[in-house]
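Descriptive structure summary
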Amino acid sequence: MIGSLRLYAAQSAAAIRTSFSDRGNFAIQVGGMIVNDIFFLTLWVLFFAGFRSIGGWRLQDMALLFGLTMSVVGISGVFFGGYRDLAATLLRGELDALLTQPKALIPRLLARESIATAWGDLAGAIFVLGVFAKLEWADLPALLLAIAAGTTVYVCASISFASLAFWAAGARSFARELTDFMLLFSSYPGSIYRGAVKTIAFTILPAGFVVLAPMGMVRHPSGQALAVVVFGAVVYTAIAVGLFHLGVARYRRGASPSI
Amino acid sequence: MRRDLIAAAVALRIGAGQAMAGWTVLAGRCLFYILIMTVLSALWDKVADERVAGAIALPAGGLVLYVLATEWITLSLPSVHLRFEDDIRSGGLEPHLLRPKFYLLQSLAQSLGGTLVRLAALGVTAVAWLLVTGRQGPPAATYPYLFVLGVLAVTVGMLLYAVAGLCAFWTRRILPVMLVIQKLMFLLGGLFAPITLYPDWLRKIAEATPFAAHLYWAGVQALHPSGAMFLQAAAWQALWIVLLSLLCLALWRAGLAKVLREGGV
């Protein structure tokens, strides 16, 4: 276990160094993402200046949601960047080389890449959470837990979507689209979701567990809120690990498609 | 010139054919359109229901028709920027330079062909979504106006994406440029809400930008159909199509000169 973690840390550090290597390009990408986030924030500031509230949500709530989403995407991109195009990696047969080695597959696949723009999201998240979300220092433990749980659900859901590539060649774009749908659901106030849409947001596209439930835990900490957040993280981890290894078993039999 | 236009028309037809052949991708885009409209209509319905004191008054019927039109245009756009980025970065551009057809025009025409197919498919999806959800659509007489403004709007959007793609001659990776352009489309184009809801100073700036020509004018036509506004919208869109085409041409020439001088990017 410790050996796997060490290997993951070494591989992840190498991926991060690689993303730094072209410094000019790295600066452009990070700067571009920060500008992108500023525009997005401006849009919501203008929105709340005009409409005041959406189902009880105000600018500080939206800022917390936005900050959590950016933190989750930022951490996932920097430290688990391989999640983004995992389906393509599987379809290209890049698993073959890893299968001959004794180390765990999922951490090695996740640590293959670090996405430079994700640093921009991280910087934006710190700014938004610090300036607009109206958080106290006492909220910090709950906030960190919320980010950790949200990142776990986000990465695990992305692994589950990518695992579809073990069964269908068309899963490459479909998996990315499902991840984007999940982000889309994570970018709007939870108060607008009702009925079937709310069910989707807490199951197939688990925006509910990526940001909405963690956000509720930060605003109103309680044992029940904590249990819901932890439950989401555990369940989506189990689904991702189960689905991925089911797919690997199929892959070993030579029954998976490739590109 | 005539031969170039004939070749462009053929490229347009090829682009349309490719988009129709990739019907699964097209279906996925229609599904995404439905999904995003489900979220955005829920958002605007919630805002309309709430009626907080001091909040901006929404037009009768809310903003769902406006967002339906702006998303229709946004989701019809081609990924012409990615094509330019790939070709410029990978050296895939050079073989095209040996051919007698103008790469830039051919690429844009092919992308426009695919865009028109997506515009049609998403247009049908929009009407179907209105029928299924029981929402009232724009008056029937508005549809021809919307069609014309929609075609001009996607042309403006495609040219904006092309400008981003051509920046690859200098930046190699265009993601940051694209993100900025996309967010300007959100903000100054009025993707989620008409720019008329902005403070007056910002509205005036936004109206004169290509981003409004890309989204706002077609969106507002769906909301408040008017012949006079249609003419004003078409004039803004035509102006920006000319200006952005010239900008693309200038970027292409400067970028090509750089590639020929330095042997790559």
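Please refer to the structure higher up on the page.
Residues numbered from 1 in each chain as written. Chains lettered and ligands numbered in written order. Predicted model: local features only at pLDDT ≥ 70, side-chain atom pairs only at ≥ 80, totals over all residues.

This next bit is on the packing of helix 8 (residues 140-163) of chain A against helix 12 (residues 223-252) of chain A. The relative placement of two packed helices comes down to the angle between their axes together with the axis-to-axis distance. Residue and element names in this part refer to chain A. Interhelical geometry of helix 8 versus helix 12 gives an angle of 25° and a closest axis separation of 8 Å. Judged by the inter-axis angle, helix 8 sits roughly parallel to helix 12. Taken as a pair, helix 8 and helix 12 cross one another with a handedness that is left-handed. Every residue of helix 12 that contacts helix 8 at Ala146, Ala149, Thr152, Val153, Cys156, Ala157, Ile159, Ser160 and Ser163 is listed here: Val229, Val230, Gly232, Ala233, Tyr236, Thr237, Ile239, Ala240, Leu243, Phe244 and Gly247. (Axes fitted to C-alpha atoms, helices over the stretch in contact; angles between N-to-C directions. Helix = DSSP H or I, 4+ residues; strand = E, 2+ residues; numbered from the N terminus. Parallel < 35°, antiparallel > 145°, perpendicular 65-115°, else oblique. Left-handed = near helix turned anticlockwise from the far one by under 90°. Contact = placed C-beta atoms within 7 Å.)

Once that is clear, we can look at the interface of chain B and chain A. If you look at the interface, chain B gives 30 residues, while chain A gives 32 residues. Secondary-structure elements contributing two or more residues to the side of chain B that touches chain A are helix 2 (23-50) and helix 9 (175-187) of chain B. With 13 residues, helix 2 of chain B is the largest single contributor of residues to the side of chain B that touches chain A. A per-class count over the side of chain B that touches chain A returns 20 nonpolar, five polar and five charged. (Nonpolar A, V, L, I, M, F, W, Y, C, P; charged D, E, K, R; others polar.)

Compared with an ideal rise of 1.5 Å per residue, which puts 29 residues at 42 Å, helix 2 (residues 23-51) of chain A spans 42 Å between its outermost C-alpha atoms and is within 8% of the ideal. Next to the buried residues of helix 2 of chain A lie helix 3 (59-79) and helix 7 (117-131) of chain A together with helix 2, helix 8 (168-171) and helix 9 of chain B. Where helix 2 of chain A ends, the next residue or the one after it, A:Arg52, has phi of about 70°, a positive value. (Expected span 1.5 Å × (residues − 1).)

Turning our attention to helix 9 (residues 171-186) of chain A. Given a rise of 1.5 Å per residue, 16 residues ought to cover 22 Å, and the 22 Å separating the end C-alpha atoms of helix 9 of chain A matches this to within 8%. Taken residue by residue, helix 9 of chain A has A:Ala171, A:Arg172, A:Ala175, A:Leu178, A:Thr179, A:Phe181, A:Met182, A:Phe185 and A:Ser186 as its buried positions. Buried residues along helix 9 of chain A sit against helix 3, helix 4 (86-91), helix 8, helix 10 (195-201) and helix 11 (207-219) of chain A together with helix 2 of chain B. (Buried ≥ 20, exposed ≤ 12 C-beta atoms within 10 Å, placed from the backbone.)

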